[in-house]
Amino acid sequence: MLTREQPVAALEASATSSTLLDIHKIAKSFGKNVVLRGISLQVAEGEFLTILGESGSGKTTLLRIIAGFESATSGELWMGGERLDRLPPYKRRVNTVFQHYALFPHLTVEQNVGYGLRVAKHSASEIDVQVEQALARVKMTAYAKSKPSKISGGQQQRVALARALVKRPQLLLLDEPLSALDANLRRQMQLELKSLQREVGISFVFVTHDQEEAMVMSDRIALLRAGELEQVATPREIYSRPATSYAAQFIGHTNLLRADVRDGVVHCGSLFWTSKLPEGSALLSLRPENIEVAAPSGASGKVRFRGKLRHKAFHGASELLQIECADGLLFSVRTEARSDWQGELEFEFDPTDAVPVRNSEAA
Amino acid sequence: MFSRAYRAVVTVPPLLWVTVFLLIPYALMFRYSFRTVSASQTIVHSWSLANYRQLFTVDVYWQTLLRSMWIAARVMLCSLLLGYPLAYFLSFYAGAKKDLLYQFVIIPLWVSYLVRAYAWMTILGSVGVLNTLLQYVHLTRHPLEFLLYSPFAVVLTLTHIYTPFTFLPIYASLEHIPRNLVEASSDLGASPAQTFWRVIFPLSIPGVLAGATFAFVLSLGDFLAPLLLGGPSGIMISNIVVSLFGAAYNWPLGAAISFCMLLIVVGLLFFSERLEKKWSFS
């Protein structure tokens, strides 16, 4: 049971906590269409886990299987020592915030939030107290008597959140809850959601196709591609050590370099550097911000290259340059924004920043 | 946006139609309801409330009117009890067969009213299909007389005829319920029965009201089913109006009764429209 006084304890618990939900080899097909191919994933107590993927990757289907709206073709779900996938949705201690909020149009905001308690036959006085607290938490007290059609999208979002949280679920599922909001409100809600999750200490499984949103909010990201997990890691790890070329390209911007390793030396076009990578062909991911304009003094241990500026894109604080080398290699380079980038330039990067990744196309 | 000529072409014909074939006849009927019939069977031009007085004081008129409303109410109830579960099943559980089953509900509407009424006569008659069968299996020794030429036969036939009219608006309103509301309800811990009574049914009320109004209004004004299957005990108010305009040659009284029915129907439509608005959300 969670209480409002719990936030710090819950936050600390998340670092060492045990598994809340165990997704074990979940597979799903709709007829001949295979949507999920044996997904195994654990959600820790108090964790904010994001399932990130493009549309059609199966992320929403996975969420619907956890909620109980779809049944898996094979595999098991375990939560708190209990087989979750055999329970109907209304018996699972899991609640969902739907993509389009799914507020009941014939009920007021207050009645929507109290719905879950009313069907569980709580006393009227208890429902009143809990609903009031839940509305206060999402700052919607003033709209208690309004019908959902009379409030804005962002407000409906808060009501949907309060309606799910008032049930005190062990696990909250969020299906692209911010996708219908405009950019500014969206950024604000990202932060609010994250701090709310810390406050209540409930595990959140958040589904999104927006990699930036995933990076900002998550404790861990599970990257899903065509029904398979590509990588499960913290945002920092998945960004700096992407496991596959798909992960490297989907999360952030990257340069994918095809290289050959011979006798401890990496050859990439006309560039080469020593490395401990295994012999043979390799695929390397090098982030544009890890390439710098070469210092005149020439730092040791860095790889240098010259190239012509083909294109530049201004991004406010930074500028993204497209550089073409004499041997045909193309690099994206992120530098400070300056209007006078032109002609042939010299760059350098630290070879340890060129991270080996598995080729996703072959996978 | 549209030229004046275009707007005139589009709006004038229907307005003209409604005026010539609806408003003017109603006005004439209203005028007739104040006239009287002389002893020599001529219609006397007067402004008399005698016809309305007769309707409410002569037993056969007001009793038949009440009985007609009672029959219409039973038809309404029966077609709701048949139409709602059918619409619910089709909308929520029929899956891929939905369109086919929907056609099966609609097809009876293509069959002439008379054919369907006569079909019930052959089923319910004293040497009809049902009585023959009951005697054949020795459940009854004599034909059951109450089956045909009774209010029962009228209710049964009208229910058969008007259930599709009740089904259609209910089905439409159920189809409009976003399925994620049903999922949300289940997600919040509501059992399927709770979801039905707390979410699905309230959101289908506009359809139920529309369907109930159809069944009641159409049955109330029906005169063929009682004529063919009602017998003396199943006479409805429209049969009386028909005979007043015909054999009895009392147009003024017929007009007065018709006008009262018109008031009842318009009142009902107004009332159900208000209720439907109250229960629709978008």
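Residues numbered from 1 in each chain as written. Chains lettered and ligands numbered in written order. Predicted model: local features only at pLDDT ≥ 70, side-chain atom pairs only at ≥ 80, totals over all residues.

**Topic: the interface of chain A and chain B**
Many analyses report the size of an interface as the accessible area lost when the parts associate.
No. 1: The partner chain B presents 18 residues to the 19 residues of chain A that form the contact.
No. 2: Taken together, the elements giving at least two residues each to the side of chain A that touches chain B come down to strand 6 (94-97) and helix 3 (109-119) of chain A.
No. 3: When residues in the side of chain A that touches chain B are grouped by element, the largest group, 3 residues, is from helix 3 of chain A.
No. 4: Classifying every residue of the side of chain A that touches chain B by side-chain character gives 11 nonpolar, 6 polar and 2 charged. (Contact = placed C-beta atoms within 7 Å. Helix = DSSP H or I, 4+ residues; strand = E, 2+ residues; numbered from the N terminus. Nonpolar A, V, L, I, M, F, W, Y, C, P; charged D, E, K, R; others polar.)

**A few points about the packing of helix 8 (residues 179-187) of chain B against helix 9 (residues 192-220) of chain B**
In a pair of packed helices, the angle between the axes and the distance between the axes together describe the arrangement.
Residue and element names in this part refer to chain B.
No. 1: Look at helix 8 against helix 9: their axes get within 10 Å of each other, and the N-to-C directions meet at 140°. Viewed along their axes, helix 8 and helix 9 adopt a mutual orientation that is oblique. Crossing of helix 8 against helix 9: the hand is right-handed. On helix 9, the residues touching Leu 181, Val 182, Ser 185 and Ser 186 of helix 8 are Thr 195, Arg 198, Val 199 and Ile 200.
No. 2: The class makeup of the residues in the contact of helix 8 with helix 9 is 4 nonpolar, 3 polar and 1 charged. (Axes fitted to C-alpha atoms, helices over the stretch in contact; angles between N-to-C directions. Parallel < 35°, antiparallel > 145°, perpendicular 65-115°, else oblique. Left-handed = near helix turned anticlockwise from the far one by under 90°.)

**What to know about the sheet that holds strand 8 (residues 203-208) of chain A**
All names here are of chain A.
No. 1: Strand order in the open sheet formed by 6 strands is 6-7-8-3-9-10, and the pairing between neighbours is mixed. Edge positions in the open sheet fall to strand 6 and strand 10 (228-233), since each of these has one partner strand only. Going from strand to strand, the sheet's axes swing by 20° on average, the running direction of each strand aside.
No. 2: As defined by bridge partners, strand 6 adjoins strand 7 (residues 171-175) across 4 bridges and the pair is classed as parallel. Bridging across to strand 7, Val 97 finds its partner in Leu 174.
No. 3: Where helix 5 (residues 153-165) meets the sheet, it contacts strand 6 and strand 7, and its direction lies at approximately 175° from that of strand 6. (Pairing = 2+ DSSP bridges.)

**Overview of the sheet that holds strand 17 (residues 318-325) of chain A**
All names here are of chain A.
No. 1: Strands sit in the order 15-19-16-17-18 across an open sheet of 5 strands; the sheet is antiparallel. Two strands in the sheet have a free side with no partner beyond their single neighbour: strand 15 (291-293) and strand 18 (330-336). Mean inter-strand twist for the sheet, computed between neighbouring axes without regard to direction, equals 50°.
No. 2: As judged from the 7 bridges shared by strand 16 (residues 303-314) and strand 17, these two strands associate in the antiparallel manner. Along strand 17, the bridge assignment pairs Gly 307 with Cys 325.

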